[in-house]
Amino acid sequence: MQYSQKVLDHFMHPHNVGKLENPDAEATEGSPACGDQVSIFMKVDENTHKIQDVKFLSYGCASNIATASIITDMAKGKTIEEAKKITWKEAAEELDGLPPVKMHCSVLAVDTLRKAIKDYEIKHGLAEEDKFSTDKIIEELKKVIYPNVGEDIVSLKMVKYVGFKDGTAIVDVEIPKFDKYRDNVAEEIREHLEKFKEIKDIKITM
Amino acid sequence: MKKIYFNNCLTSKPAPEVVDAMLPYLKENFYFPGNFIETGETIASHLQDFKEKIAATIGAKANEIHFTTGGTSANNIAIKGYLSANAHKGTHIICSVIDYPDLLTNAAFFEQSGFEVTYLNADWDGFIDLNQLEKAIRPDTILFMTTLANHTTGTIQPLREIKDILAKADHKIAVHVDACEAYARLPINVNELGIDLMSVSAHKFHGPQGVGFLYQRKGIVLGQFKHGIRRIDNLETGGISIAAIAGMNKAVELAFENFEENTKKIKELSQYLLRKIEERIPHTILNGPRGDKRAPHNINISFEFIEGEAIMMMMDLNGISADTGSACASEGLKPNYVLMALGRTHEQSHGSIKFTLSRYNTREEIDYTVNKLEQIVRELRSRSPLYNK
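The shown structure was predicted, so the numbers you read here are calculated from the model rather than taken from an experiment.

Calculation rules
- All residue numbers refer to position in the chain's written sequence, counted from 1.
- Chains and ligands are labelled sequentially in the order written, the chains with letters from A and the ligands with numbers from 1.
- Reporting in this predicted model follows two pLDDT cut-offs: at least 70 for local features of residues, and 80 or more for side-chain atom pairs to be given and counted; totals over whole chains, interfaces and linings ignore these cut-offs and use all residues.
- No hydrogens and no water enter the side-chain calculation; it runs on all heavy atoms of the structure.
- Boundary definitions for the domains trace back to an automatic or database domain assignment.
- Note on contacts: a residue pair is in contact if any heavy atoms of the two residues lie within 4.5 Å.
- Accessible area, probed at 1.4 Å, shrinks when two parts are joined; the buried area is that loss added up over both.
- We count a salt bridge whenever a side-chain nitrogen from Lys or Arg sits within 4 Å of a carboxyl oxygen from Asp or Glu.
- To qualify as a helix, a DSSP run of H or I must reach at least 4 residues; to qualify as a strand, a run of E must reach at least 2; elements of each kind are numbered from the N terminus.
- In this description, a disulfide is simply a cysteine sulfur pair whose atoms lie within 2.5 Å.
- Remark: exposure states derive from per-residue accessible area (1.4 Å probe, protein chains only) relative to the maximum for the residue type, with buried under 20%, exposed over 50%, and partly exposed in between.
- In protein, a polar contact means a hydrogen-donor-capable atom and an acceptor-capable atom, both N or O and within 3.5 Å, with residues adjacent in sequence counting only if both atoms are side-chain atoms; elsewhere, any N or O pair within 3.5 Å suffices.
- In short, DSSP must find at least two bridges between two strands for them to pair.
- Between the N-to-C directions of two axes lies an angle of 0 to 180 degrees, each axis being a line fitted to C-alpha atoms and, for a helix, fitted only over the stretch in contact.
- Side-chain classes follow a simple rule in which Ala, Val, Leu, Ile, Met, Phe, Trp, Tyr, Cys and Pro form the nonpolar group, Asp, Glu, Lys and Arg form the charged group, and the remainder, Gly included, forms the polar group.
- A helix is expected to span 1.5 Å for every residue after the first.

**Quick notes on the domain arrangement of chain A**
Residue and element names in this part refer to chain A.
Logical step 1: Domain annotation of chain A identifies domain 1 (5–123) and domain 2 (134–205).
Logical step 2: Between the C-alpha centres of domain 1 and domain 2 the distance comes to 23 Å.
Logical step 3: Contact with domain 1, which involves eleven residues of that partner, is made by 15 residues of domain 2.
Logical step 4: Roughly 890 Å² is buried in total at the junction of domain 1 and domain 2, and carbon and sulfur atoms are behind 56% of that figure.
Logical step 5: For domain 1, the biggest contributors to the area lost against domain 2 are Trp88, Pro100 and Asp111; these three give 37% of the whole.
Logical step 6: The tally of links from domain 1 across to domain 2 stands at four salt bridges.
Logical step 7: Across the pair Glu29 and Lys195 runs a salt bridge, and its minimum N-O distance is 2.9 Å.
Logical step 8: When contributions to the side of domain 1 that touches domain 2 are tallied by element, the ones reaching two or more residues are helix H4 (88–94) and helix H5 (103–123).

See the structure below:
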C-alpha cells in the first residue's frame, strides 16, 4: 500500500492547520475511540456566505491529516452552497487517490466540513435540524466504507435491510463470514449511528 | 539518507558472517543429506553438527531439534502435532489473550474442532494471570501454550512459576513455548523452564528468512502434521534450504559466542532510548514492564493525543524504521489486541510505537531518533484537537 506524493506532501506540510478564534461555525466528527477525529473551524461572510477562512485540527493518520488539509483548501473561497457539494470522492481524487482502506478518512473530513456548514446554516436561520427517519440512517450508512474496495456499503449494495422501530435501528449487511473487515464494518456502522439521539439501540445482522 | 532500523521483531538484518556461511551451500555444497554417497553424507554430517550446536544453547540434545521452514511452521508442527496425537487424553488447552497470532489462530482452529480453550488474562505490564492459570487446570487439560517474550511488549512470562503450577496437576500438561522473540536474547534452558516444545525463527536474530527450529522434548509424541517425503526432517517434510540452515547455525554461533556482551549492549541501548524519550517527550506511557522482566531489545511506548501511523510514517520519512499498534496501520483496521488486553485505551494503543533493537544499533542512531521523534511528536500534537497542553 502506498500513498501518492500529494498525500505525503499534505501530510508533511498540511495547509490550514489550527484553530480560529470566535469562528462563525465549527464541528467535530469522529472520536479517539474510532481512531480518528477532525475539528473544522470557519469564518463565513454573512452577506455572500462565502467561506473566508477555514482551519482544522486532526487526531489521525497520514491520510486523515492530508484529507483535512485538502478539503479545507477546496472549501476556502467557496460559498457554503458550493462547499456543501464537495464529495469525499472529489477530495480523494484531489489527492491523486487514496488506498481503498483509507477512503473512510476522506469521508470523515467531508463529513466534518458539511457539519460545520450545517452549524452555520442553523445559527443563521438558513436551515433546520434534520428530521429523523430511516432515510437518515441510509444517508449515514453511505459514509461507511468497505475497506476492501474503498466504496460505501450502500453503493456496493451490501445493505440488505434498514429499519427503525421503538428506538432500535436495524441494519442487515451482507458480508462474507471470514472477511477480515467484518468486525470493522460492524463497528463503523455502530459509530455512525450512535450519534443520533433518536437511536437507543443498534441491531446489526450479517 | 541513512536507514535506522528498529524493526528487528519483524525481521532482522542477516549478519554478514551469516551470508558468507550460506554461500558455499548455494554454490558447491547444494546437496540434500543422504546415505552411502559422499555428497549426501557430508551434508548429513554438517546438519548433525549444526543440531548439536543449537541444542547446546538451550540445554537440549541434538536429536530433540528439528529444522523447520520458520517459526510459524514450527508452531504449527508442534501444536497440531501434539493435539492430534494426544486428544485421547483430553481436549482442553490453556493459552492467553496476548499470545502470538500463531498460537491464537491454532487455538481458534482447535476450538472449532471440539477442543476447549481457556484464554488467560494479562495485567497492565503483560504478565499472564497465574491465579487464573491455577484455577483453569482441569483433568482434561493437555497443553499449555505461551509466548515467552511477548511480541508486542517484550514481557517475559515467568516460566519457572508456571512450571511449578502445572506440576501440581496430577497428570502431564505439555508446555509449548513460542520463543521467536526470546531466543538468542534471553538465556533459555528447556529443563529448568519446563519446556516440552519450543519454536524459534532464525530471521529474528540475524539469521536468514525461511528457516527455524522446533525443540521437541524426548518422549513428547507429535502426530504428523505435514505429510510428504522426508528430505531433511521427519516432521518438516519436503525440502528445507540447507544454505538457510547453515546461515541459522552461523547466527546461533554469533549470538552465543558473546551472548552476555551482546544482550547487555542491546539492553543498554534500549534503556538509553527509553530514558531519552521519557526525559524529552512528555505524556508517554511505557507498554510492558521495566527492568529485567522485559526482553532486552523491546521498547514499546504510547504517545498520548496523537496517532501512531502518522508518527511511524514521519519517522520513516526521516529514515527511521519502527512499528505501531495503531488500527490505521493494521490489516483489519483494529488497534493492537495485546495493548487493548493490557487495559490501554483505544487512543493509547493507536499512539503506540514499538522499537525493537539489535546489536547493530548505535547510541548515535538513538540520539538522532530521539531528536527527530521529539520534533515529530511536537508537530503532530500541534495538529491534534485532543492536545491542549
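**Topic: the state of the cysteines**
All names here are of chain B.
Logical step 1: By the definition in use, this model includes zero disulfides over all chains.
Logical step 2: The thiol of Cys180 is unpaired, and the distance to the nearest cysteine sulfur, on Cys9, comes to 9.7 Å.
Logical step 3: The buried category is assigned to Cys180, whose relative accessible area is 6%.

**Regarding the side chain of His176 of chain B**
Residue and element names in this part refer to chain B.
Logical step 1: Residue position: His176 is located in strand E6 (residues 174–178).
Logical step 2: Side-chain polar atoms of His176 contact the side chain of Asn75, separated by 2.8 Å.
Logical step 3: A distance of 3.4 Å separates a polar side-chain atom of His176 from the backbone oxygen of Leu197.
Logical step 4: Filtering out sequence-adjacent residues up to four positions away, His176 remains in contact with Asn75, Ala78, Ile79, Leu103, Leu143, Phe144, Met145, Thr146, Leu197, Met198 and Ser199.

**Section: the sheet that holds strand E2 (residues 65–68) of chain B**
All names here are of chain B.
Logical step 1: Sheet architecture is open: seven strands sit in the order E2-E8-E7-E6-E5-E3-E4, paired in mixed fashion. The open sheet has two free edges, formed respectively by E2 and strand E4 (116–120), since each of these has just one partner strand. In this sheet, neighbouring strand axes are inclined to one another by 20° on average, regardless of whether the strands run parallel or antiparallel.
Logical step 2: Examined bridge by bridge, strand E3 (residues 92–96) and E4 share five bridges and lie parallel to one another. Bridging from a neighbouring strand, His92 pairs with Glu116 of E4.

**Quick notes on the pattern of salt bridges**
Logical step 1: According to the stated counting rule, one finds 35 salt bridges over all chains in the structure shown.
Logical step 2: The residue Glu81 of chain A makes a salt bridge to Lys84 of chain A at a minimum N-O spacing of 3.2 Å. Here the residue Glu81 of chain A and the residue Lys84 of chain A both occupy positions in helix H3 (residues 80–84), the gap between them amounting to three residues, near one helical turn.
Logical step 3: Among the residues examined, Lys84 of chain A registers a relative accessible area of 28% and is labelled partly exposed.
Logical step 4: Taking the shortest distance from any N to any O, the salt bridge between Glu309 of chain B and Lys102 of chain A comes out at 2.7 Å. Here Glu309 of chain B, found in helix H9 (residues 308–317), pairs with Lys102 of chain A, found in the loop between H4 and H5, and the two come from separate chains.
Logical step 5: When salt bridges with common partners are traced through the structure, they connect Glu29, Asp111, Lys115, Glu140, Lys143 and Lys195 of chain A into a single cluster.

**Some remarks on the interface of chain A and chain B**
Logical step 1: Listed by partner, the interface residues are 28 residues for chain A and 22 residues for chain B.
Logical step 2: Between chain A and chain B lies a buried interface of about 2200 Å² when both sides are counted; carbon and sulfur atoms form 64% of it.
Logical step 3: Counting the contacts that link chain A with chain B gives two salt bridges.
Logical step 4: A salt bridge links Lys334 of chain B to Asp183 of chain A, with the nearest nitrogen and oxygen atoms 3.2 Å apart.
Logical step 5: Taken together, the connections running from chain A to chain B amount to eight residue pairs in polar contact (both at pLDDT 80 or more).
Logical step 6: Among the elements of the structure, helix H1 (5–12), strand E2 (36–44), strand E3 (51–59), helix H2 (62–75) and helix H7 (182–194) of chain A are those that each provide at least two residues to the side of chain A that touches chain B.
Logical step 7: Classifying every residue of the side of chain A that touches chain B gives 17 nonpolar, eight polar and three charged.

**Some thoughts on helix H8 (residues 259–280) of chain B**
Logical step 1: The end-to-end C-alpha separation of H8 of chain B is 32 Å, in line with the 32 Å expected for 22 residues at 1.5 Å each.
Logical step 2: Structurally, H8 of chain B contributes buried residues whose contacts are with helix H7 (242–257), strand E9 (284–287), strand E10 (298–303), strand E13 (352–356) and helix H12 (363–383) of chain B.

**Regarding the pairing of E2 of chain B**
Residues and elements named next belong to chain B.
Logical step 1: Side chains Ile65 and Phe67 of E2 all project onto a buried face; the interleaved residues His66 and Thr68 project onto the opposite face, where all are buried too.
Logical step 2: Sheet topology note: the E2/strand E8 (residues 212–216) ladder contains four bridges and is antiparallel. By the bridge assignment for E8, Thr68 is matched with Gly212.

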